[in-house]
Amino acid sequence: MTTYKILVVPGDGIGVEVTTWGRKVLEAIARKFNHTFTFDQALIGHTAIEATGNPLPDESLEKMRASDAILFGAVGHPRYDNDPSAKVRPEQGLLRMRKELGLYANLRPIKLFDELLDASSIKPEILRGSDILFFRELTGDVYFGQPRERRDNGNTALDTMIYSRYEVERIARRAFDAARTRRKKLTSVDKANVLESSRLWRETVQEMSKSYPDVEVEHMFVDTAAMKLIKDPRSFDVVLTGNLFGDILTDEASQIAGSMGMLASASLGDQTGLYEPIHGSAPDIAGKGIANPMASILSVALMLDISFEMKAESDTVIRAVEQTLKDGYRTRDIADNQTQIGQILDTHQIGEKIVEKIGRL
Ligand code: NAD
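Residues numbered from 1 in each chain as written. Predicted model: local features only at pLDDT ≥ 70, side-chain atom pairs only at ≥ 80, totals over all residues. Heavy atoms only, no water.

Colleague: Help me understand the overall build of the chain in this model?
Modeller: What the chain contains, in helices and strands, is 13 helices and 12 strands. The globule rule puts the C-alpha radius of gyration for 361 residues at 21 Å, and the 20 Å found for the chain is close to it. Taken along the three principal axes of its C-alpha coordinates, the chain extends 55 × 50 × 45 Å. Residues counted as buried form 53% of the 361 residues belonging to the chain. Of the contacts made within the chain by residues no fewer than 6 positions apart, 76% connect residues no fewer than 24 positions apart. Each charge sign in the chain was given a centre, from 46 positive and 53 negative side chains, and these centres are 2 Å apart. (Helix = DSSP H or I, 4+ residues; strand = E, 2+ residues; numbered from the N terminus. Rg over C-alpha atoms; globule rule 2.2 N^0.38 Å. Buried < 20%, exposed > 50% of the residue type's maximum accessible area, 1.4 Å probe, protein only. Contact = heavy atoms within 4.5 Å. Lys, Arg positive; Asp, Glu negative; His and termini not counted. Charge placed at Lys NZ, Arg CZ, Asp CG, Glu CD.)

Here it is, written out as C-alpha cells:
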C-alpha cells in the first residue's frame, strides 16, 4: 500500500482555519478507504516572517519539495496591505514558492452546486449548468517580469509584462488536453489589440490549435471575457489565460460559485502539486471561526483526483459537500433568505457535518 506524504502549509488568517478541515477530510478519506496519509506542517507568509524573518524559509521549501502533495491555505496580513513600502512581504513567499516549485499551471474549476443557485448575485436562469475550467498561467507575466522598479525619485513605477513562447505552450497544452476530455471548447483570453505579450500569446495558441482540430478555439479580449462571464457563463468550457487576467477573471467567476469560500484550485508543474482555495487570508473574518472551509475541502478533492489518482475518493469528498448543502447547512457567506437560523453553521460545525457525511456515504 502506498503511503502519501502531505504537507499542510496553512499560512495566515483563515488559511489556518480552513486547512484544519482540509486535513480532517483527508484523515476521514484515509479511514474510509484504508489509505495511509502522513502529515507534516510548514510556515509561509506573515506567520513565517514573524517566526524567522523570511516569508518562505528554506526549511519550508525543502519540506515542500519532499512531499507528494501540498495543502496550502493563504497568505496576507493587513499590516503589509496598508504599508506598500514594506520590503519583506507575505506574498513574496507565495510567489517564490510557485516559482521554485515550477507551479506554472493553476486549474480553477468553476461549477455551481445547484443548492447555491440563490446565493449568487447572478440570476439562477443565467447560472444554471455553468461549468468552467480555468487554466491560469502562474509563474510568468507582470508578476515576475523584470525590470520592476521605481524611478524618478520614486515618482514613476514600472512592471514588465512578459511571456515566452515556451511558457505559453506548456500551459496551453494542458488546457487543450483538458478541453478534449470535456466539451471540446477552448477560450483563450488576452489583450492582443493592445499588448505585444498578448499578441505572442494569441499567435502561439493559434499555431497549437492546428494539432487539436477536434477542439473549437475562440480568442477573446479580457474586457469582453469579463463581460461575458456574467452575461453568459454557460458559453465557456475551458478558459486559458495569463497570470494577471486569470487572477482577476477567476475572482469574478467566484460569483458564479456563490462565494470565494467555495472555489478550489490546483497549482501544477512537473513535480509536487499544490492545492489551495482561491481566496486570501480574509483578515476581516480571521479568528472568528466563521470562514467557509469548503474551498479548502474541495481543494482536497482535487488533490485526491490529480496527485493521487483516487477518483472515487475525490468524488466522495465532493458528494459529502453536496449532501451537506442539500441538508440545508450553510456558512454565512453562502446563506440566503431560505436558510433557517439553525442551519447557519460556523467553520467547525460545517466541517464536522462534511466529515460525518464522508463516513456515511
Ligand atoms: P480575500 O479572499 O481574503 O477576502 C475577500 C472577501 O471574501 C472578504 O470579505 C472575505 O471575508 C471573504 N472570504 C474569503 N474567503 C472566505 C471564506 N473561506 N469564507 C467566508 N468568506 C470568505 O481577499 P482580500 O480581502 O482582497 O485579501 C486579504 C489578504 O489575502 C490580502 O493580504 C491579500 O494579499 C491576501 N490574498 C492572498 C491570496 C493567497 O494566499 N493565495 C489570494 C488572495 C488574496
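Colleague: Just checking my understanding: could you explain the pattern of salt bridges for this structure?
Modeller: Should their charged atoms come close, side chains of opposite charge can pair. As enumerated under the stated definition, the model contains 26 salt bridges in all. Between Asp40 and Lys63 there is a salt bridge, and its shortest N-O distance comes to 3.5 Å. Placement of Asp40 in strand E2 (residues 36-41) and of Lys63 in helix H3 (residues 58-66) is noted, with a sequence separation of 23 residues between them. Classification of Lys63 by relative accessible area gives partly exposed; the value is 24%. Where Asp247 meets Arg136, a salt bridge forms, and the shortest distance between an N and an O atom there is 3.8 Å. Of the two residues, Asp247 sits in helix H10 (residues 243-253) while Arg136 sits in strand E5 (residues 131-137), which places them 111 residues apart along the sequence. Overall, Arg136 belongs to the buried group, its relative accessible area being 2%. (Salt bridge = Lys/Arg side-chain N within 4 Å of Asp/Glu carboxyl O.)

Colleague: What exactly am I supposed to notice about helix H12 (residues 311-326) here?
Modeller: Every α-helix winds through 3.6 residues per turn, so residues three or four apart in the chain are directed the same way. Counted at 1.5 Å a residue, the expected span for H12 with its 16 residues is 22 Å, and the 22 Å between its end C-alpha atoms agrees. Within H12, burial applies to Glu313, Ser314, Thr316, Val317, Ala320, Val321, Thr324 and Leu325. Elements in contact with the buried residues of H12: helix H1 (14-33), helix H11 (294-306) and helix H13 (347-360). Following H12 by one or two positions, Gly328 has its phi on the positive side, about 100°. (Expected span 1.5 Å × (residues − 1).)

Colleague: Any chance you could explain the sheet that holds E5 here in plain terms?
Modeller: Pairing between sheet strands relies on hydrogen bonds along the backbone, with the strands arranged either parallel or antiparallel. With mixed pairing, 10 strands are arranged side by side in an open sheet as E2-E1-E3-E12-E11-E4-E5-E10-E8-E9. The open sheet has two edge strands, E2 and strand E9 (216-221), and neither has a second partner. Between one strand and the next, the sheet's axes are offset by a mean angle of 25°, whatever the strand orientation. Packed on one face of the sheet, H1 meets strand E1 (3-11), E2, strand E3 (69-74) and strand E12 (273-277) and runs near 150° to E3. (Pairing = 2+ DSSP bridges. Axes fitted to C-alpha atoms, helices over the stretch in contact; angles between N-to-C directions.)

Colleague: I keep staring at the packing of aromatic side chains and nothing clicks. Help me out?
Modeller: For any pair of aromatic rings, the description consists of the separation of the ring centres together with the inter-plane angle of the planes. Per the counting criterion, the structure on display carries five aromatic pairs. Each ring, one from Phe176 and one from Tyr212, has its centre 4.4 Å from the other, and the planes form 10°; the classification is stacked. Of this pair, Phe176 sits in helix H7 (residues 165-180) while Tyr212 sits in the loop between helix H8 (196-209) and E9, and the two are 36 residues apart along the sequence. In terms of burial, Phe176 and Tyr212 fall into one category: buried. (Phe/Tyr/Trp six-rings, centres within 6.5 Å; stacked < 30°, edge-to-face > 60°.)

Colleague: What's the story with the pairing of E5 in this structure? I'm lost.
Modeller: A regular strand carries its side chains on alternate faces of the sheet. The buried fraction of E5 amounts to six of the seven residues, a majority that puts the element mostly inside the structure. Relative to E5, strand E4 (residues 105-111) is paired through seven bridges, and the arrangement is antiparallel. The partner of Leu107 across the bridge, within E5, is Phe135. The pairing of E5 with strand E10 (residues 238-241) spans four bridges and is parallel. Within E10, the position partnered with Leu133 by the bridge is Val238.

Honestly, it's all geometry; don't read function into it.
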